[in-house]
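One-letter residues, chain by chain:
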Amino acid sequence: MKAAQKVFVALDNMERDEVLAFLPKLSTKVGGIKIGLEMYLRFGRDFLLEAKRFFDGEIFLDLKLHDIPNTVAKAIHGLSGLPISFLNIHASGGSAMMQAALEAQQEALPRTTLLAVTVLTSLDDSETQSIYHTGRSDSFKRLLLEIEKVSGLGVVCSAAELELIPNRAIVTMVPGIRFEHEISSGKIQDQKSVFTPEQALEKGASFLVMGRSITRAPDLERALSLLA
Ligand code: C5P
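Residues numbered from 1 in each chain as written. Predicted model: local features only at pLDDT ≥ 70, side-chain atom pairs only at ≥ 80, totals over all residues. Heavy atoms only, no water.

Q: An account of the environment of Leu-123 is needed here, citing residue identities and associated values.
A: Looking at the element boundaries, Leu-123 is found in the loop between strand E5 (113-117) and helix H6 (125-132). Relative accessible area serves as the criterion here: at 16%, Leu-123 is assigned to the buried category. For the pair Leu-123 and Arg-136, spaced 13 residues apart in the sequence, the C-alpha separation amounts to 7.9 Å. Once you skip the residues sitting within four places of it in the chain, Leu-123 turns out to touch Thr-128, Ile-131 and Arg-136. (Helix = DSSP H or I, 4+ residues; strand = E, 2+ residues; numbered from the N terminus. Buried < 20%, exposed > 50% of the residue type's maximum accessible area, 1.4 Å probe, protein only. Contact = heavy atoms within 4.5 Å.)

Q: Residues and numbers for the packing of aromatic side chains, please.
A: One pass over the full model with this rule turns up six aromatic pairs. Between the aromatic rings of Phe-43 and Phe-47, the centroid separation amounts to 5.0 Å while the plane-to-plane angle is 55°, which identifies the pairing as tilted. Neither Phe-43 nor Phe-47 differs from the other in exposure class; each is buried. Between Phe-60 and Phe-86 the ring centres are 6.4 Å apart and the planes differ by 75°, which places this aromatic pair in the edge-to-face class. Of this pair, Phe-60 sits in strand E3 (residues 58-65) while Phe-86 sits in strand E4 (residues 86-90), placing them 26 residues apart in sequence. Pair check on accessibility: Phe-60 and Phe-86 agree, each one buried. Members of the aromatic cluster, connected to one another through ring pairs, are Phe-8, Phe-60, Phe-86 and Phe-207. (Phe/Tyr/Trp six-rings, centres within 6.5 Å; stacked < 30°, edge-to-face > 60°.)

Q: Quick one: what's the story with the site of the ligand, residue by residue and with numbers?
A: The full set of residues close to the ligand is Ala-10, Asp-12, Lys-34, Thr-121, Pro-175, Arg-178, Gln-191, Val-209, Met-210, Gly-211 and Arg-212. The side chain of Asp-12 places a nitrogen or oxygen atom 2.6 Å from an oxygen atom of the ligand. One nitrogen or oxygen atom from the side chain of Arg-178 is found 3.0 Å from an oxygen atom belonging to the ligand. Computed on the free molecule, the ligand has an accessible area of 470 Å², of which 84% lies beneath the protein chains in the complex. Per-class residue counts for the shell around the ligand are four nonpolar, three polar and four charged. (Near = heavy atom within 4 Å. Polar contact = N/O pair within 3.5 Å; in protein donor to acceptor, adjacent residues only side chain to side chain. Areas by Shrake-Rupley, 256 points an atom, 1.4 Å probe, with all protein chains shown as cover. Nonpolar A, V, L, I, M, F, W, Y, C, P; charged D, E, K, R; others polar.)

Q: So what's going on with unusual backbone geometry? Residues and values would help.
A: Not every positive phi belongs to a glycine, and Asn-13 is a case in point at roughly 55°. Within the secondary structure, Asn-13 is located in the loop between strand E1 (7-10) and helix H1 (16-26). One non-glycine residue, Lys-64, adopts positive backbone phi at about 45°. Residue placement: Lys-64 occurs in strand E3.

Q: For the pattern of salt bridges, give the residues involved together with the corresponding values.
A: For the structure shown, the criterion picks out ten salt bridges. Between Asp-62 and Lys-34 there is a salt bridge, and its shortest N-O distance comes to 2.6 Å. Of this pair, Asp-62 sits in strand E3 while Lys-34 is found in strand E2 (residues 32-36), placing the two residues 28 residues apart along the sequence. Lys-34 gets classed as buried once you look at its relative accessible area, which sits at 9%. For Arg-136, the salt bridge goes to Glu-161, with nearest N and O atoms at 2.7 Å. In this pair, Arg-136 is assigned in helix H7 (residues 136-148) and Glu-161 in the loop between strand E6 (154-156) and strand E7 (172-174), connecting sequence segments 25 residues apart. (Salt bridge = Lys/Arg side-chain N within 4 Å of Asp/Glu carboxyl O.)

All quantities given are derived from atomic positions and should not be read as evidence of function.
In structure tokens form, the structure reads like this:
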């Protein structure tokens with residue numbers, strides 16, 4: 001299955017040297033890497049430029065920005081000049097914030113796609129009830145309506161939520177992916193609902209986020225070959 005170029009490998013819980021040694025093994029084998037808030041705060045913006053020297057592919061900077069419109073816009077301007085293909089914000093910041101973020105992205109990072117995070121997968125129905133006064137699916141649909149008020153945003157969501165997106169033209173970045181053999185042997189760690197790369201792509205995912213299935217694979221070559 002040719003999923004490899006749609007996969008962004010989540011580089012979580014790694015030291016700087018470990019990441020730089022790991023990147024050449026992924027270079028050209030997958031579409032991109034995902035650098036999260038923790039790594040960005042620890043290693044700084046220059047780390048993204050350095051990572052690009054070791055990895056020929058795209059970067060998704062997973063900062064999940066969430067603040068008042070002006071602050072989010074200014075934060076995005078602060079990323080100007082970085083080699084970022086995807087950046088994300090929280091949809092729950094509201095449509096005015098998302099619009100301000102989109103305008104800032106168009107000015108400061110014109111080649112970047114801005115994605116909106118909907119309901120965090122760490123929240124279950126009872127938690128979305130207490131925050132949004134409705135279950136997960138309805139909370140997702142409400143946030144999607146806010147996202148659709150701002151044309152040009154993509155969405156970060158689980159594969160289970162893809163069918164709740166009527167507009168198939170929206171770019172989707174889908175985490176919660178595990179290989180078939182990991183699901184059948186129960187190796188899904190803290191993810192509650194997981195899908196294989198094939199299942200997520202069949203459901204319409206544009207891109208996939210895969211972390212530990214790749215970064216902690218006992219045999220990296222074999223893991224990457226499953227995507228080739
Ligand atoms: O190791 P694993 O494949 O579970 O890594 C998933 C990555 O995707 C992590 O970086 C995690 O923060 C991120 N993520 C997620 N669920 C979301 C959004 C992002 O697991 N809804």
